Amino acid sequence: MAAISAAAAPANATQADASSERATRCSSSWKNAGAVPGRWSKVKNSDCSIIGHDGFKIGYQWAVERGGRICVKVKGFDAQHKAKWYDAGCAKNGSVKVPWGNVAGIKEMKVKGTALFKWR
C-alpha cells in the first residue's frame, strides 16, 4: 500500500503547487514586442490565464534585442484583488516579481522607449 500512496502523491498536489506549475508553463515562452518613444504602450499575453492563490507572486522578465533601454510597468494585484501597475524601472534587461494573490488574469506590461524586445 505504501507504494500506491507514494505514486498517488503527485496527483494530490496542493492548489499552490498547481498554480505555480501553470504560471511557470504560461510564462516560460518568450513573446516578441516593441516599445515606442514618448508614450506608454501595453503588451499582454492573452494566450494564457494565470490563476493565483493567497500570497502568490508572478514573475516578469524582458530583454531588449534591438534599440535602447525601455521603461517597464507590470500588472499585479493589491490585497483587495484590484489590478495595480508596479514600476519595474528602465533597463535593457530585467526581471521582477509582483503580488498576484488569489486572482485569475493575464500578464500585462506597459512599456516606453525605442526598442524591439522579448518578454515573458
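A few points on the structure. (Residues numbered from 1 in each chain as written. Predicted model: local features only at pLDDT ≥ 70, side-chain atom pairs only at ≥ 80, totals over all residues. Heavy atoms only, no water.)

**Examining the overall build of the protein chain**
Alright, step 1. In terms of regular secondary structure, the protein chain is built from two helices and eight strands.
Alright, step 2. Beginning at the N terminus, the succession of helices and strands in the protein chain can be written as α-α-β-β-β-β-β-β-β-β.
Alright, step 3. Each of the 120 residues in the protein chain was classed as buried or not, and the buried ones make up 33%.
Alright, step 4. Restricting to contacts in the protein chain with at least 6 residues of sequence separation, those with at least 24 account for 74%. (Helix = DSSP H or I, 4+ residues; strand = E, 2+ residues; numbered from the N terminus. Buried < 20%, exposed > 50% of the residue type's maximum accessible area, 1.4 Å probe, protein only. Contact = heavy atoms within 4.5 Å.)

**Brief notes about the state of the cysteines**
Alright, step 1. If you walk through the whole model with that rule in mind, you get one disulfide.
Alright, step 2. The partner cysteine of Cys 71 in its disulfide is Cys 90, sulfur to sulfur 2.0 Å. With the S-S dihedral at roughly 105 degrees, the linkage between Cys 71 and Cys 90 falls on the right-handed side. With Cys 71 in strand β4 (residues 57-77) and Cys 90 in strand β5 (residues 83-91), the pair connects residues that are 19 residues apart, well separated along the chain. (Disulfide = S-S within 2.5 Å.)

**So, the packing of aromatic side chains**
Alright, step 1. The final tally for this structure, using the stated rule, is one aromatic pair.
Alright, step 2. The side chain of Lys 107 reaches across the aromatic face of Tyr 60, ending 4.8 Å from its centre. (Phe/Tyr/Trp six-rings, centres within 6.5 Å; stacked < 30°, edge-to-face > 60°. Lys NZ or Arg CZ within 6 Å of the ring centre and 35° of its normal.)

**Let's talk about the environment of Asp 87**
Alright, step 1. Structurally, Asp 87 is set in strand β5.
Alright, step 2. The exposed category is assigned to Asp 87, whose relative accessible area is 62%.
Alright, step 3. The spatial distance from the C-alpha of Asp 87 to the C-alpha of Lys 75 is 9.1 Å, given a sequence separation of 12 residues.
Alright, step 4. With sequence-adjacent residues up to four places away left out, Asp 87 is seen in contact with Val 72 and Lys 73.

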